[in-house]
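# Structural features, examined
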Amino acid sequence: MKIVSAHEGVIPISSSMSNAFIDFSSMDCSILALVSDVVVDGKPLVGYGFNSNGRYSAGDILRRRILPRLMDAPADSLLDETGELSPSVAWDVMMRNEKPGGHGERSVAVGVVDMALHDLAAKIAGIPLYRWISDHYGDGEPDESVFVYAAGGYYAPGKTHRNLQDEMKGFLDAGYNVVKMKIGGADLAEDLRRIEAVIEVLDGDGSRLAVDVNGRFDLDTALEYGRGLDPYGLFWFEEVGDPLDYGLNATLSEHYRNPIATGENLFSLQDARNLIRYAGMRPDRDYIQVDPALSYGLVEYRRILDMLAQHGWSSRRCIPHGGHQFSLHIAASLKLGGNESYPGEFQPTGGFADDAVVENSRVALGDKPGIGLEAKANFYEVLRDLHT
Ligand code: MG
């Protein structure tokens, strides 16, 4: 088995939305096709990868460092002892001559290739990725479906409370029980009014609402909001301070009783370990949101799960950021707590298969080999154009 060519590109995933920190008007994304010499039904098997939303494309790192190492390596140096394509062996090849630390955009580039390698490995085996992961790294008995919550509730010019309520009703009608909204882009009084408007739509049940600050608050504001939010018993209070300000999070967790979630902007085992060591995260209630696609891929994510287990954390406390299909497969196979979902947003990369049905806030995986991006028509068209 040999990877014969790599085709990398950049596509926009623009959106008019804003959170407390950025707008998404210029967001783009790296996409990748790895064409193999394995032919099925007259066509070569191709592994596809892309980077999750929130971080920009990483084409320069892919073209200048990561892909040349992968493509220049002897074909058999990417295989395991049974002769199967090994994403974890390939990971070491891609990271050759990279110093430790400084986990910036490099983790995005490696994550894109790691996703394509896993897609390809599962396609060669002829099985959906969640089964491949479960067989190789899990207990062989993947979850049949995955908990998903609908993320939205962004700020937009002229958006009223009624508009916000209608958006959330749309999520409930689409099969979600838990929804998420942005806060921190207005003052506390206005944000509390927005929160109460949404809770009204949730039959008064604050435990079905998560709120996301996108890392904006300083300590004083975090504590002030914490006091304001505590009575609602929210599903979680997300990324309250800067993602690397573990001291802020630790102090908040001493005062805020309900679940805290963070980790979407941590991109390595080392950063995630520091979060567990220093940020006061509580294994009985808090959530880890590291996004495998942004953080060196599944090879690194498995190291993070091992680290969490060593610190007494269940994999069920992990609900990755991003709302993409790669994490959905990981969630089902490695028994995570669920996966984010952005209904209709961040197209064409975001979301699940075109025929995926969300019921009671759970979604089942398809039976297509690999990740199954072929079952997402608009995105597949773009991916196929990379190499045909
Ligand atoms: Mg977030």
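Conventions we followed
Residues numbered from 1 in each chain as written. Predicted model: local features only at pLDDT ≥ 70, side-chain atom pairs only at ≥ 80, totals over all residues. Heavy atoms only, no water. Helix = DSSP H or I, 4+ residues; strand = E, 2+ residues; numbered from the N terminus. Polar contact = N/O pair within 3.5 Å; in protein donor to acceptor, adjacent residues only side chain to side chain. Contact = heavy atoms within 4.5 Å. Salt bridge = Lys/Arg side-chain N within 4 Å of Asp/Glu carboxyl O. Donors = N, O, S within 2.8 Å, 3.2 Å for Na, K, Ca; no water. Buried < 20%, exposed > 50% of the residue type's maximum accessible area, 1.4 Å probe, protein only. Arc of directions from axis to C-beta.

Here the focus is the side chain of Asn214. One can find Asn214 in the loop between strand S6 (209-212) and helix H7 (219-229). Within polar-contact distance, the side chain of Asn214 engages the side chain of Lys182 at 3.1 Å.

Quick look at the side chain of Ser134 now. Positionally, Ser134 belongs in helix H4 (residues 129-137). Polar contacts involving the side chain of Ser134 include one to the main-chain amide nitrogen of Gly140, which spans 3.1 Å. Beyond its immediate sequence surroundings of up to four residues, Ser134 is in contact with Asp139, Gly140, Glu141, Pro142 and Ser333.

This next bit is on the pattern of salt bridges. Scanning all chains against the criterion turns up 23 salt bridges. For the salt bridge of Asp143 with Arg316, the shortest nitrogen-to-oxygen distance reads 2.7 Å. Highlighted residues: Asp143 in the loop between H4 and strand S4 (145-151) and Arg316 in the loop between helix H10 (297-310) and helix H11 (325-333), separated in sequence by 173 residues. Measuring nitrogen to oxygen at the nearest pair gives 3.3 Å for the salt bridge that ties Glu190 to Arg193. With Glu190 and Arg193 both in helix H6 (residues 188-201) and three residues apart, this pair spans about one turn of that helix.

What follows covers the coordination of the magnesium ion. Within the protein, Asp212 (OD), Glu238 (OE) and Glu264 (OE) serve as the donor atoms for the magnesium ion, at 2.0 to 2.3 Å. Taken in chain order, the donor set of the magnesium ion reads D-x25-E-x25-E. Taken together, the residues Glu238 in strand S7 (residues 236-238) and Glu264 in the loop between strand S8 (260-262) and helix H9 (269-278) connect sequence positions 26 residues apart. Judged by relative accessible area, Glu238 falls into the buried class, the value being 0%. When its relative accessible area of 8% is taken as the criterion, Glu264 is described as buried.

Of the residues making up helix H12 (residues 377-387), those classed as buried are Phe379, Leu383 and Leu386. Relative to the axis of H12, the buried residues are bounded by an arc of 40 degrees and lie together on one face. Summarising the geometry of H12, the exposed residues directed more than 90 degrees from the buried face are Asn378 and Asp385.

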